[in-house]
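What the coordinates show
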Amino acid sequence: MTVRRSVVVGCGGYLPEKILTNDELAQRLDTSDEWIRDRSGITQRHIAAEGELTSDLAFAAAHSALGAAGVSVQDIDMILLATSTPDETFPATATVVQSKLGADNAMSFDIQAVCSGFVYALATADNFIKSGQAETAMVIGAETFSRILDWQDRGTCVLFGDGAGAVVLKAEPGQGTTADRGILSTHLHSDGRLHDLLYVDGGPSSTGEVGFLRMEGKEVFRHAVVKMAEVTVEALEANGLTASDIDWFVPHQANKRIIDGTAKKLGINGDRVVVTIDQHANTSAASIPLALWVATRDDRIKRDNLVLIEALGGGMTWGSGLVRW
Ligand code: ACO
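Rules and cut-offs
- Residues numbered from 1 in each chain as written.
- Predicted model: local features only at pLDDT ≥ 70, side-chain atom pairs only at ≥ 80, totals over all residues.
- Heavy atoms only, no water.
- Phe/Tyr/Trp six-rings, centres within 6.5 Å; stacked < 30°, edge-to-face > 60°.
- Helix = DSSP H or I, 4+ residues; strand = E, 2+ residues; numbered from the N terminus.
- Buried < 20%, exposed > 50% of the residue type's maximum accessible area, 1.4 Å probe, protein only.
- Lys NZ or Arg CZ within 6 Å of the ring centre and 35° of its normal.
- Axes fitted to C-alpha atoms, helices over the stretch in contact; angles between N-to-C directions.
- Parallel < 35°, antiparallel > 145°, perpendicular 65-115°, else oblique.
- Left-handed = near helix turned anticlockwise from the far one by under 90°.
- Contact = heavy atoms within 4.5 Å.
- Nonpolar A, V, L, I, M, F, W, Y, C, P; charged D, E, K, R; others polar.
- Domains from an automatic or database assignment.
- Buried area = accessible area lost by both parts, 1.4 Å probe.
- Salt bridge = Lys/Arg side-chain N within 4 Å of Asp/Glu carboxyl O.
- Polar contact = N/O pair within 3.5 Å; in protein donor to acceptor, adjacent residues only side chain to side chain.
- Pairing = 2+ DSSP bridges.
- Arc of directions from axis to C-beta.

Moving on, we get to the packing of aromatic side chains. The description of an aromatic ring pair uses the distance of the two centres, along with the angle that the planes make with each other. Summed over the entire model, instances satisfying the criterion amount to two aromatic pairs. Relative to F128, the ring of F109 has its centre 6.3 Å away and its plane inclined at 55°; by these criteria the two rings are tilted. Here F109, found in strand 5 (residues 107-111), pairs with F128, found in helix 5 (residues 117-130); they are 19 residues apart in sequence, far enough to count as distant. For F109, a relative accessible area of 27% corresponds to the partly exposed category. Looking at R28, its charged tip hangs above the ring of W151, at a distance of 5.4 Å from the centre. Here the basic side chain of K227 rests over the ring of W318, its NZ or CZ set 5.0 Å away from the ring centre.

To continue, consider the packing of helix 7 (residues 217-238) against helix 8 (residues 256-266). Put simply, helix 7 and helix 8 touch, their axes get as near as 9 Å, and they point 40° apart. Relative to helix 8, the element helix 7 lies oblique. Relative to helix 8, the crossing made by helix 7 is right-handed. Taken together, the residues of helix 8 that come into contact with helix 7 (itself represented by F221, A224, V225, V226, M228, A229, T232 and V233) are R257, I258, T262, K265 and L266. Looking at the contact of helix 7 with helix 8, its residues break down into nine nonpolar, two polar and two charged.

So, about the side chain of T283. Along the chain, T283 turns up in the loop between helix 9 (277-280) and helix 10 (287-297). On the accessibility criterion, T283 (0% relative accessible area) is buried.

Moving on to the domain arrangement of the protein chain. Considered domain by domain, the protein chain is made up of domain 1 (3-174) and domain 2 (182-324). Taken residue by residue, the interface counts 53 residues in domain 1 and 47 residues in domain 2. When the two sides are added together, the surface that domain 1 and domain 2 hide from each other amounts to roughly 3800 Å², 66% of it contributed by carbon and sulfur. Linking domain 1 with domain 2 are one salt bridge, by the criterion used here.

As for its placement among the helices and strands, S185 is situated in strand 8 (residues 182-190). By relative accessible area, which is 9% here, S185 ends up buried. One polar contact links S185 to N239, side chain to side chain, over a distance of 3.0 Å. Setting aside residues up to four positions removed in sequence, S185 forms contacts with A235, N239, S320, G321 and L322.

Our next topic: the sheet that holds strand 4 (residues 78-82). The strand order 1-7-6-4-5 describes an open sheet built from five strands, whose pairing is mixed. Bordering the open sheet on either side are strand 1 (3-14) and strand 5, each of which pairs with just one other strand. Going from strand to strand, the sheet's axes swing by 20° on average, the running direction of each strand aside. In this sheet, strand 6 (residues 136-144) lies alongside strand 4 in parallel orientation, the contact comprising five bridges. For A82, the partnering residue across the bridge sits in strand 6 and is G141.

Attention now goes to helix 8. Because the α-helix completes a turn every 3.6 residues, residues three or four places apart line up on one side. Along helix 8, the residues classified as buried are I258, I259, T262, A263 and L266. All buried residues of helix 8 project into a common sector of 125° when viewed along the axis, lining one side. Summarising the geometry of helix 8, the exposed residues directed more than 90 degrees from the buried face are K264 and K265. Looking at the buried residues of helix 8, the elements they touch are helix 7, strand 11 (248-251), helix 9 and strand 12 (306-313). The opening residue of helix 8, the one whose side-chain oxygen lies 2.7 Å from the backbone nitrogen of R257, is N255.

In structure tokens:
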């Protein structure tokens, strides 16, 4: 049987030049490098420059993904941008990126699922490709979370950073087996009753202001370990695979302790887990594509490797994806 698969043909990323270390944060906040590293694994984060917008980060990542893919920009017929920090309330930041890229043949829209945004966007693009409505999709995760942080709240502001990552997906025929290259499956979930655990206290129709990120850290932690393990098991079972089949586990980079806890639950050794949280902090929807970019550039993730991704974010939303590279 021949099926349509969405194959990753290129991956790119971009990190703003400015680095903010834990020690620098400790100079202006009642915190310490030791506390931040012990509780989260973070040592530094990148911060967008004044006037540097989410669309600028997204464009740079998309441009680097296009170069890696060797695909003409005119072949891109879909741009999906996962972000919770758009340039403006409307239009979709994806359309700004379209214009910057000159991708005139694309349809473009944003996906809003906070830290799960990239998994949601990948699933959406995959379904458009599988149904024949798209051939070549640019899927981007880009965030400037530094703009929605309350820099007086030491319980949240130390955890996040700015950045962008992108992949190019192309329709290719497969046999319908797990040996196919491309996205094998995606699983998405949400539970709106958990809104109060992680949200931004503003918006166009509520306060008329952008607002700041608010989080019940301990509760988010509890849900993250349970739900991320569940949704990865769901991905493996749906494909008749086990954790030992996974070459690379690329989790959302929320907290090193959450990553370790989930990997341990799944029985995946640390040497098969891609970790960037130490350098990037939590870049929300950008964290998975940035980690994919890092691990493809240093030749850890190679063609035909089986890659498992998963994320959980505000909403709450969570999801997983299984991709043969
Ligand atoms: N520096 C120093 N002390 C701090 C800081 C800080 N930056 N932040 C909080 N504290 C203090 C608290 O005030 C508290 O002090 P108290 O005992 O005197 O009241 C103490 O440290 C312990 O605080 P807790 O909140 O209990 O610390 P905890 O061990 O839960 O760690 C953390 C907090 C790191 C936020 C943890 O709960 C966590 O990682 N949660 C998951 C949140 C997350 O990853 N969110 C990302 C978005 S969602 C996602 O991407 C999955």
